[in-house]
Amino acid sequence: MTTVLITGAAGYIGSHITVAALDAGYSVVAVDNCVNASPGDETLPPSLYRVQEITGKTLSFYKIDLLDKESVRTVFSKYNPECVIHTAALKNMAESVKNPLPYYRNNIGSLMTLLVIMKEFNVKKIVFSSSALVYGIPEYNPIDERHPVGISCTNPYAKTKYFCEEILKDVCAADKNLTAVALRYFSPVGAHESGRIGEDPLGPPSQLMAFICQVAVGRRPQLTIFGNDFDTADGTVERDYIHVMDLAKGNVAPLKKMIEDPNYKGFKAYNLGMGKGYSVLQLIKSFCKESGKKIPYNIGERRGIDAAQLFADIRLAEKDLGWKPEQTLEDMCRDTWRWQSNNPQGYRTSK
């Protein structure tokens, strides 16, 4: 059985990827420092307890910081993983503007540590969680992988993802046997259909759907929409929302290609999205319909960094990896509400 090391495995994206990897038959070693995840006890964070319940399979977990090279080396020495899926990162865009240095240190430094240890143990396969933010203000929509990157990134978080991609390109150029797949996420939302795992921000939500959910369960009084005068059908920005389980399966799809195709080498980049845009108001309307809840909102000023539209051309991922999204906006909203209504305080007080 192929062993996969998943970093950031206890977080929102990482926990769903761990489900997909276990369901696909991989052995998983999960690591996380739990900065972005409810820590639970030293044995296993609550999200990963539930991952084991969902899949009926066990995993190995280590609470470590990826900047701690010796701890990372210990895990590699014990398990000798064949592949790495690297999702761990600080990810709050607004926070990265106010306090950029931790973002550069953590997001770039953790990848550097992994690549150094991978080289020591002759591990040649890595899947990297990147972001559509590397495209900056889009020159055209839908955005394909040929779109320029790094030119107009709007915040330090986005820049860290761009710089990490550049590092991966360089190490692949130096080592012709290395395969690095950068997956450019658009806007992940939703939760596992069981309602057992989902997004649980430890601080103020940085993502729209998480904020909507906290309004729906009464943790926040209302939602602020930043601008309604964009050049879109209803004046609110349009984003490419993708169900988190479709995204998770998109992270597992390259593993099969890496393992089975000896010619699949070098740096690759793929968009993971739905391939269409939905406005903020469309998302709210769909959520209200699926949840039966009203979401009060007010219109605020534009933030100055938002593009009117941002959505993906996803044909390359389908062509190369055989992946395409299967779930609808309604599925995203329904599964999000199932998670949030069953866990109104997230993992901290729910059973």
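Residues numbered from 1 in each chain as written. Predicted model: local features only at pLDDT ≥ 70, side-chain atom pairs only at ≥ 80, totals over all residues. Heavy atoms only, no water.

An account of the pattern of salt bridges is requested, with residue identities and associated values reported.
Any two side chains of opposite charge can pair, on the condition that their charged atoms come close. For the coordinates displayed, the defined rule picks out 18 salt bridges. As a salt-bridge pair, lysine 319 and aspartate 320 come within 3.6 Å of each other at their nearest N and O atoms. Taking the relative accessible area as the measure of exposure, aspartate 320 reaches 22% and is therefore partly exposed. Close ionic contact of arginine 338 with aspartate 335 constitutes a salt bridge, the shortest N to O distance being 2.7 Å. With arginine 338 and aspartate 335 both in helix α11 (residues 329-342), this residue pair falls three residues apart, about one helical turn. With relative accessibility at 1%, the residue aspartate 335 sits in the buried group. Through salt bridges with shared partners, a single ionic network connects Asp331, Arg334, Asp335 and Arg338. (Salt bridge = Lys/Arg side-chain N within 4 Å of Asp/Glu carboxyl O. Buried < 20%, exposed > 50% of the residue type's maximum accessible area, 1.4 Å probe, protein only. Helix = DSSP H or I, 4+ residues; strand = E, 2+ residues; numbered from the N terminus.)

Go over the side chain of lysine 125 with me, naming the residues and quoting the values.
Along the polypeptide, lysine 125 turns up in strand β5 (residues 125-131). With relative accessibility at 16%, the residue lysine 125 sits in the buried group. Contact partners of lysine 125, with chain neighbours within four places excluded, come to Glu82, Cys83, Val84, Met118, Leu178, Thr179, Met258 and Ile259. (Contact = heavy atoms within 4.5 Å.)

Describe in detail the nonpolar core, supporting the description with residues and values.
The tendency in soluble globular proteins is for nonpolar side chains to be buried side by side. Grouped together as the largest cluster of nonpolar side chains are 80 residues, with contacts concentrated most on Ile6, Leu48, Leu59, Leu255, Phe287, Ile295 and Trp323. Ranked by residue count, the leading element in this core is helix α8 (residues 244-260), at eight residues. When residues no more than four places from it in sequence are discounted, the contact partners of isoleucine 295 are Ile212, Val215, Ala216, Leu223, Ile284, Phe287 and Cys288. Core analysis: the next-biggest nonpolar cluster, separate from the first, contains 25 residues, Val29, Phe76, Leu168 and Ala180 among them. (Core = buried A, V, L, I, M, F, W, Y, C linked by side-chain atoms within 4.5 Å.)

Pulling in residues and values, what's your account of the sheet that holds strand β1 (residues 3-7)?
With parallel pairing, seven strands are arranged side by side in an open sheet as β3-β2-β1-β4-β5-β6-β11. Unpaired on one side and paired on the other, β3 (60-63) and β11 (266-272) mark the two borders of the sheet. Across the sheet, the mean angle separating the axes of adjacent strands is 20° when strand polarity is ignored. Here strand β4 (residues 83-86) pairs with β5 via three bridges, running parallel. The residue of β5 that forms the bridge with valine 84 is isoleucine 126. (Pairing = 2+ DSSP bridges. Axes fitted to C-alpha atoms, helices over the stretch in contact; angles between N-to-C directions.)

Which residues make up the packing of aromatic side chains, and what values do they have?
The tally for this structure, following the rule as stated, stands at seven aromatic pairs. Here the aromatic rings of tyrosine 162 and phenylalanine 163 are separated by 5.6 Å at their centres, their planes lie at 50°, and the arrangement is tilted. Ring plane angle 85° and centroid distance 5.9 Å describe the contact between phenylalanine 287 and tryptophan 337, whose orientation is recorded as edge-to-face. With phenylalanine 287 in helix α9 (residues 280-291) and tryptophan 337 in helix α11, the pair connects residues that are 50 residues apart, well separated along the chain. Overall, tryptophan 337 belongs to the buried group, its relative accessible area being 14%. (Phe/Tyr/Trp six-rings, centres within 6.5 Å; stacked < 30°, edge-to-face > 60°.)

Don't take any of this as a statement about function, it's just geometry.
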